[in-house]
Each structure stands twice: as C-alpha cells, then as structure tokens.
Amino acid sequence: MWKVALTVLAAVLAVGYGAMVGGFRDADINDEGVQNALHFAVVQHNRGSNDLYLSQVAEVIKVQSQGGFKHIKVTASIQGDAEDRDAEVVRRAQEEGCVNVVFPGTVTQEGCCRFVSEILKCILYQRQQLPMTYDQLVYSQRKQQASVQDKDVVNRRPVHSADMDWRKCQQTLQELEEVLQQLEVLFSLSRVPRVLLLMGGSLVLPKELYEINMESLASSGGSQCLRVSSCLRQIFRTLFVADLLSDARPVRLMPTTVLVLAHRDCGVGWFHPNSNLKSQLVKKQIIVLSSDPNVCKEPRAEGSDWEDYVWFQAPVTIKGFSN
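Participant: Describe the overall build of the protein, and please don't skip the residues or the numbers.
Facilitator: Broken down by element type, the protein carries six helices and 11 strands. Evaluated residue by residue, the protein yields a buried proportion of 45% over its 323 residues. A sequence separation of at least 24 residues applies to 81% of the contacts in the protein between residues at least 6 apart. As displayed, the protein has an accessible area near 17400 Å², and 50% of this comes from carbon and sulfur atoms.

Written out as structure tokens, the structure is:
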C-alpha cells in the first residue's frame, strides 16, 4: 500500500467556530463542514489523477480552522498497490468474465452513450470483425472512395475483387454508423441501464455475448460531471489490463446485434421491442460501469426502478468484414 499526502484549503461555513482571521486553531474532524471539505478534497484529487484506481482517505493527520476557512491536511491512500489491483482485475476477467470500472463522480447521459459506442467499436475490432480500428477504417475508406471516383471519371472498368471488398466495407460502416446514430437518439429519450451485444448464432444462442451494465452509474447534468475523455481512458486502460477481449484463435466473421434496455414508453421508433429475449442461455462477458458511492451523493437506482424497462432490438445487424 502506498500513500500520498495532500493539503487542501477549502472555503466552508465555520458554524460554531469563533476563530479570528489571522490565527489557526484545531478543529473537530467530525464537524459537518470539515467532512464536506474532506469529501471535496478527495473528489478533486481523484478527478485530477490519471491513476486507474480511486484513492480513499486512510488517515486524517490534522484539521485547523481560520475564520471562515478550514485548512485540512489529509493522507489519501489506495487500498493495495497497483500490481495487486491489476492482478484482481485479471483474475475477475478470467474467472468471472467481468470487468468493473468505477468512476470518481457522475457522468452525463451523452457520456453514457459515448461509452457504449466506443466499447462497441472496440469489441468489433478486438473480435476480428473489423480489419482495423473504426477511425482507421473510416479514413481508409474516404481515401479509397476518392481514388475510385477519380478513376471512374477516366474510364469505366470492370468490377474487381478489390472493389467488392471496398463495397462490403462500405456496407459494414454504414450499418455501424446507423446503429451509432440511433443509439444517440435512444439515449436522449431514456435512461439506459444495460446494453447487450450478441455476435453470431441466434438471439437465443449467440456465439458470443457481451453486456455493458450501467445500472449503478450515476448520471446528471452540469459542469460537475466527469469529462468523457478521462472516463474513456479509464475504461480502456481497465480493458487492456483485464485482457477480456483478446483471443489468439482466429474468429469467423459473424453478424452483431445490439439490444438496449430502455423505458417502454420512451417513444423510440427505430429500435423494435423484444419481449422474448433469453440472454441467460450463454455465458456473458460483462463490462460494469459504476460510480463510486463514497463520492457520488446522487440517489442510486433500485431494482424496482427498472420494472417499466424493456429490451429494444436494433433492426439491422452489423456484418463483419475482413480484407
């Protein structure tokens, strides 16, 4: 276990304290104002840290107050060193097929949609359904499209296998982009606690099944929410450590179906309700995104909150493509 000491000056109401400006005096750690300032210090430390894991307070060294300010010095510690935590991440991924990513704060609904979209792109690439990353594929296709258009102006040549591959790639990108666009619409209409990605086979018995679980992820609006970019870094650093998606064996191309759990009355038009889903027949790989309950004060969703939620299925499948 390693520890890092930080000193924080936080402006809080000094209720019950008669200290004059210019002099410090010891304060009670159990005072509500001190606790609020301490909570603020830990939140800011975690938000500014690039570490994969959250820090928690292990020991309060000293608390002093000065007029309307309390000067707080705390020792924040990580429970177990990074190597131990990484080993636990790997163990859970291998034995339970589960990866947990805990954020030090709340996120926006738009951020939740971005998490799902980027994880979907990553899974398609890691599971060999795309020959390169999504961004690389888009760039490559734009260059090739411009080249094809220039050549077609000169002469109409017969269709070659390279052209067929290019058209298949175009189709895969169009299907993926349509799903991503419609996910944005759905996330704007409803809270989304769970997303399923079914690859190959059938809906009842897919070859592979991935779940993105966001039931314990606290979402809100405003400037206090975490930045999407920092959350994405945390997600993919954890997935890299867990090595959940890699497989040395070659994977056959297979269609991917997206299902989203949303409120039955959300009014979405593109996705179709699916009341016959039986997702427990196949072992799932689960990516759990949650907010640290010691940091977030927003009320958590209970199991009963999801009673009016149903599965919605994308009407198109994303067909795999390889060069």
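Structure shown, so let's carry the discussion forward.
Participant: Which residues make up the pattern of salt bridges, and what values do they have?
Facilitator: Side-chain pairs of opposite charge can arise whenever the charged atoms involved come near each other. One pass over the full model with this rule turns up 10 salt bridges. The salt bridge involving E95 is made with R91; its shortest N-O contact spans 2.8 Å. Pair noted here: E95 and R91 are both in helix α2 (residues 82–96), with a separation of four residues, about one helical turn. A relative accessible area of 53% means that E95 is categorised as exposed. On the basis of relative accessibility, which here comes to 29%, the residue R91 falls in the partly exposed class. In this structure, E96 and R91 form a salt bridge, with 3.6 Å as the shortest nitrogen-oxygen distance. Among the residues examined, E96 registers a relative accessible area of 39% and is labelled partly exposed. Members of the salt-bridge network, linked through shared partners, are E88, R91, R92, E95 and E96.

Participant: Could you give an account of the sheet that holds strand β7 (residues 208–213), with specific residues and numbers?
Facilitator: Read across the sheet, seven strands follow the order β5-β10-β7-β6-β8-β11-β9 without closing on themselves; strand pairing throughout is mixed. Of all the strands in the sheet, the pair left with one neighbour each is β5 (98–103) and β9 (272–273). Pairing analysis gives six bridges linking strand β6 (residues 194–199) to strand β8 (residues 256–263), with the strands arranged antiparallel. Bridge pairing in β8 links V195 to V260.

Participant: Explain a negative patch on the surface to me, and be specific about the residues and the numbers.
Facilitator: Among the surface-exposed residues, D265, D305, E307 and D308 lie close enough to one another that they form a single negatively charged patch. Structurally, the position occupied by D265 is in the loop between β8 and β9.

Participant: Can you break down the pairing of β8 residue by residue, with the values?
Facilitator: Burial of β8 is extensive: seven of the eight residues sit out of reach of the surface. Pairing analysis gives five bridges linking β8 to strand β11 (residues 309–313), with the strands arranged antiparallel. Residue pairing for β11: A262 is matched across the bridge by V310.

Participant: Any chance you could break down the nonpolar core for me, citing the residues and the numbers?
Facilitator: In terms of nonpolar packing, the biggest core is built from 59 residues, with F103, M214 and L289 touching the most fellow members. For L289, the contacting residues outside a window of four places in its chain are V101, F103, F115, I119, I212, N213, M214, S216, L217 and I235. L209, L259, L277 and W306 belong to the second-largest nonpolar core, a separate cluster that totals nine residues.

Participant: Break down the side chain of K121 for me, with residues and values.
Facilitator: Counting through the fold element by element, K121 comes out in helix α3 (residues 109–126). Overall, K121 belongs to the buried group, its relative accessible area being 13%. Filtering out sequence-adjacent residues up to four positions away, K121 remains in contact with L130, Y134 and L180.

Participant: Residues and numbers for the packing of aromatic side chains, please.
Facilitator: All chains considered together, the criterion is met by three aromatic pairs. With centroids separated by 5.0 Å and ring planes inclined at 85°, the aromatic side chains of W270 and F271 adopt a geometry described as edge-to-face. The same class applies to W270 and to F271, which are both buried. Look at W306 and Y309: their rings are 5.1 Å apart centre to centre, the planes differ by 90°, and that puts the pair in the edge-to-face class. For the pair W306 and Y309, one class covers both residues: buried.

Participant: Now, about the packing of α3 against helix α6 (residues 228–242): what can you tell me, with residues and values included?
Facilitator: The description of two helices packed together rests on the angle between their axes and the distance between the axes. It is the contact of α3 with α6, at a shortest axis distance of 10 Å, that shows an interaxial angle of 40°. Classified by chirality, the crossing of α6 by α3 is right-handed. Between α3 and α6, the residues in contact are G111, R114, F115, E118, I119 and C122 and V228, C231, L232, I235 and F236, respectively.

Conventions adopted
Residues numbered from 1 in each chain as written. Predicted model: local features only at pLDDT ≥ 70, side-chain atom pairs only at ≥ 80, totals over all residues. Heavy atoms only, no water. Helix = DSSP H or I, 4+ residues; strand = E, 2+ residues; numbered from the N terminus. Buried < 20%, exposed > 50% of the residue type's maximum accessible area, 1.4 Å probe, protein only. Contact = heavy atoms within 4.5 Å. Areas by Shrake-Rupley, 256 points an atom, 1.4 Å probe, with all protein chains shown as cover. Salt bridge = Lys/Arg side-chain N within 4 Å of Asp/Glu carboxyl O. Pairing = 2+ DSSP bridges. Patch = residues over 30% accessible without salt bridge, like charges linked within 9 Å, V, L, I, M, F, W, Y side chains within 5 Å. Lys, Arg positive; Asp, Glu negative; His and termini not counted. Charge placed at Lys NZ, Arg CZ, Asp CG, Glu CD. Core = buried A, V, L, I, M, F, W, Y, C linked by side-chain atoms within 4.5 Å. Phe/Tyr/Trp six-rings, centres within 6.5 Å; stacked < 30°, edge-to-face > 60°. Axes fitted to C-alpha atoms, helices over the stretch in contact; angles between N-to-C directions. Left-handed = near helix turned anticlockwise from the far one by under 90°.

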